[in-house]
Amino acid sequence: EQKANLKAVQIKEYGIWLRELGYMYNSTDNAEYKEKIYNIFQKGLNNLYDQGWTKGSCQGTIHHLGYQVRELYQGIFLMKEPLLKSGNLKQAKDMVTWYSAMGILYTPYNEIKGVNVDVLNTMLPGMLAAALLNEDVSIEAQEITQLKNYLSKSIEYAPGLLGGFKEDGSVFHHMQNYPAYAKGAYQGLTPIIYYLGNTPFALDENAYNIVKKAILMTRVYSNKNNWLLTLSGRHPENTFKISDEVFRYAAFGKETGVDKELAEAYLRLTPTGKYAEEFKKLGFKPEEAPNGSWTMNMGSLQLQRRDEWLAGVKGFSRYLVGNETYIKNNLYGRYMSYGTFQILEKSLKESGFESEGWSWAHYPGTTAIALPDEKLISAISQIDTQSGVEEMLISDETYSGGNSLNNNGMFAMKLHENEKYNGSHRARKSVFFFDNRAVLLGSNIENNDKEHETHTTLFQNALGKNKITSSEKHFGGNSFILDSQKNLYKIVKGEAVYKKGLQKSHNHKTCKPTQNNYELAYINHGTNPKDKGYEYAVLIKATEKEQENFKKDAGYKVLQKDYNAHIVEDKVSGMRGYALFESGELQDDKYIKSVDTPSMVLAAPNENKLKLSFVDPDLRLYEGIDITQYGKHGKMIPVNIYSRKWNGNDSIPHTSVLVLKGKYVLKSPAENVSVQVNGNETVIKVTTKYAMPVEFELVKTK
């Protein structure tokens, strides 16, 4: 008996081979060569059909097949001419139509709620190829029109946590803002936008602007090309980068003309890139680095940029997961959204992050129990039938997010660890940004861990392979630490520890030991903390003169820091930031008497005017509690975000009442804001949705 000597070939490799034949066919005018190349190609296709790769095959239901067959679609499209001449086009078109799931394009409009970014990444190019493989031009036009209409509808803002685009520039996948997947979505979508641009089939203006905003936001939460570590999902590494080519494709994809913002962003990101000359000839110049403050509350994210640096703060809530961990990914990532405060200048590596030796218990800015890796490692299991073997933990707190005004911003959160690990761990945290200064406050820090200390991490920076002598220093209140990244930290309240030397850790995928030279600083709250707190300020990337001035006066005042509120005033601009964790009356504030909703307020006074930005950070995807998330003893149990019945709900609009001291009127009408004077007070009603900041300006009257 003979055994067949069969060698399997991956479908992706097979598709690449067929695409190479397509390139060869289109690169010669020699008729004899063309005929030979096509004959090889057709034999290759026939072999595929023989192996079951045909219309109607159950292989069309294979999950994530699209990643493996993109090149196959391209090869068939390149061979349209000889396939048509030989009468073999229809069979090839039918196969591409089937595997690219082109039927999605005919989904009834009322059933389209966002878009799965895997469709944009892997299937969309196949759908366009299928449309272009029609022999009848009128059918081709109909199918491309259907593609355009589907895209325009599915790109509209998706409700709740469903996949697709959000109003703040987030792109959702796996029920969260996920840049690594958004990158793939742009790489599949923007070439299609490019091909259809400046034609009757171009994406409509609304959909185009939604995609444009999301792409432009990628270069706000990244610096220059690496995104913030806390946005890395289950890939806490420094290898991921935003794609510059998507800026080029999208810039040329308008209904008419070329988009200036996208073109100039491309030139800043890639000044000597493949298409730089193309843009320069059209008169475009590199943009200045983005400068200002951005709030992305669908990602529980606040961003501050000046000069060439980025600072970002991230949290999580009862709606937004704090980590994504798989069996072989991000196994020590539980703390990555515990109020992480990260400063990026240039790349992640140049900003002090290297995964070798990184202490997973000390993400900068976080308040967390300093567990050793063997206790921090995730205990992953499959908890229901709607999920895989993964961990995506949520809190039961609704208060986490940011606010922006006049190019400055703030972030605040009620931190509560999921009961899966230590549900006794809580803290109230805030960050206030004033230009290149950040003020970080913490109060009501508590947990029942009597064995391990609780730390609020100031910074953690890799120091390279140079030989470093271990050292440890302790700092009390009103002391300063300058890190290796030229950021100056003023510790006002709390006992700080600074360590420098060899640091040992583990690989987040394999758990193998790693090590590296690091500096690490944290405020130590001790074991079993009760009602602990901290106050520190950071001067970011400043000159020596600015550092000297900061040491004399950090330029801010803490007006309140307790369970109810964290309130800070900037002495330079007069701006005030309010993290109002609880509703009710304020103690004795100059501007605000009371608020009926836990909220965040930024106030900028200017003579007789008062500019306000108001945020209700509760995304309000549901009211009350989700009883399926609680066990017999009233404590949270681990649940999967995919199984939550509320995850596709639209945000419930909420009207908050803010009472100011004094009489004010609106300077000009503001959407979702009403103002009424009541005696010597002003009652302001602000309606919010999806925790979007609402900005308005008031004028004081007598």
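All chains use their own residue numbering, which begins from 1 and follows the written sequence. Whole-chain, interface and lining totals are the exception, using all residues; otherwise, since this is a predicted model, local features are given only for residues with pLDDT of at least 70 and side-chain atom pairs are given and counted only at 80 or more. As a convention, hydrogens and water are excluded, and side-chain values are obtained from all of the structure's heavy atoms.

A. Geometry of the overall build of the protein. Each helix and strand counted, the protein has 14 helices and 33 strands in total. For the protein, the C-alpha radius of gyration of 28 Å lies close to 27 Å, the compact-globule estimate for 702 residues. Considered along the principal axes of its C-alpha atoms, the protein spans approximately 85 × 65 × 60 Å. Expressed as a percentage of its 702 residues, the buried residues of the protein come to 58%. Long-range pairs, those at least 24 residues apart, make up 68% of the contacts in the protein with a sequence separation of at least 6. Accessible surface area values rest on a Shrake-Rupley calculation with a 1.4 Å probe, where residue burial reflects the displayed protein chains alone. Carbon and sulfur atoms make up 49% of the accessible area of the protein, which totals about 29,700 Å². Helix and strand definitions follow DSSP, with helices as H or I runs of at least four residues and strands as E runs of at least two, each counted in order from the N terminus. As a reference, a globule follows 2.2 Å times the number of residues to the power 0.38, and the radius of gyration itself is taken over C-alpha atoms. Summary of the burial criterion: residues with accessible area below 20% of their type's maximum are buried, those above 50% are exposed, and those between are partly exposed, where the area comes from a 1.4 Å probe applied to protein chains only. Two residues form a contact once any of their heavy atoms are found within 4.5 Å.

B. Looking closely at the pattern of salt bridges. Criterion for a salt bridge: a side-chain nitrogen of Lys or Arg within 4 Å of a carboxyl oxygen of Asp or Glu. This model, assessed by the stated rule, comprises 40 salt bridges. Of the charged contacts, one joins Lys 85 and Glu 81 as a salt bridge, the two residues approaching to 3.7 Å between their closest N and O atoms. Separated by four residues within a single helix, Lys 85 and Glu 81 lie in helix α4 (residues 80–85), roughly one turn from each other. Overall, the relative accessible area of 67% leaves Lys 85 in the exposed class. The exposure class assigned to Glu 81 is partly exposed, which follows from its relative accessible area of 41%.

C. Region of the structure containing the pairing of strand β32 (residues 681–688). Pairing of strand β29 (residues 654–661) with β32, which is carried by eight bridges, proceeds in the antiparallel orientation. Residue Val 657 lies in a different strand from β32, and its bridge partner there is Lys 685. Only strands joined by at least two bridges in the DSSP assignment are considered to pair. Two strands pair when backbone bridges link them, and strand β31 (residues 673–678) and β32 are joined in this way by six bridges, in the antiparallel orientation. Bridge pairing in β32 places Ser 674 opposite Lys 685. Counting the residues in the hairpin turn of β31 and β32 gives two residues, including Gly 679, whose phi is positive at 65°.

D. Structural context of the nonpolar core. By nonpolar core is meant a set of buried Ala, Val, Leu, Ile, Met, Phe, Trp, Tyr and Cys residues that side-chain atoms within 4.5 Å join together. In this structure, Ile 76, Phe 165, Phe 341, Leu 458 and Ile 481 are the most contacted members of the largest nonpolar core, which totals 138 residues. With sequence-adjacent residues up to four places away left out, Ile 481 is seen in contact with Leu 458, Phe 459, Phe 475, Asn 487, Leu 488, Tyr 489, Ile 491, Ala 496, Tyr 498 and Ala 521. Counting 24 residues, the second largest nonpolar core, distinct from the first, contains Met 410, Phe 432, Tyr 556 and Val 568.

Take it as geometry only, folks, not as evidence of what the structure does.
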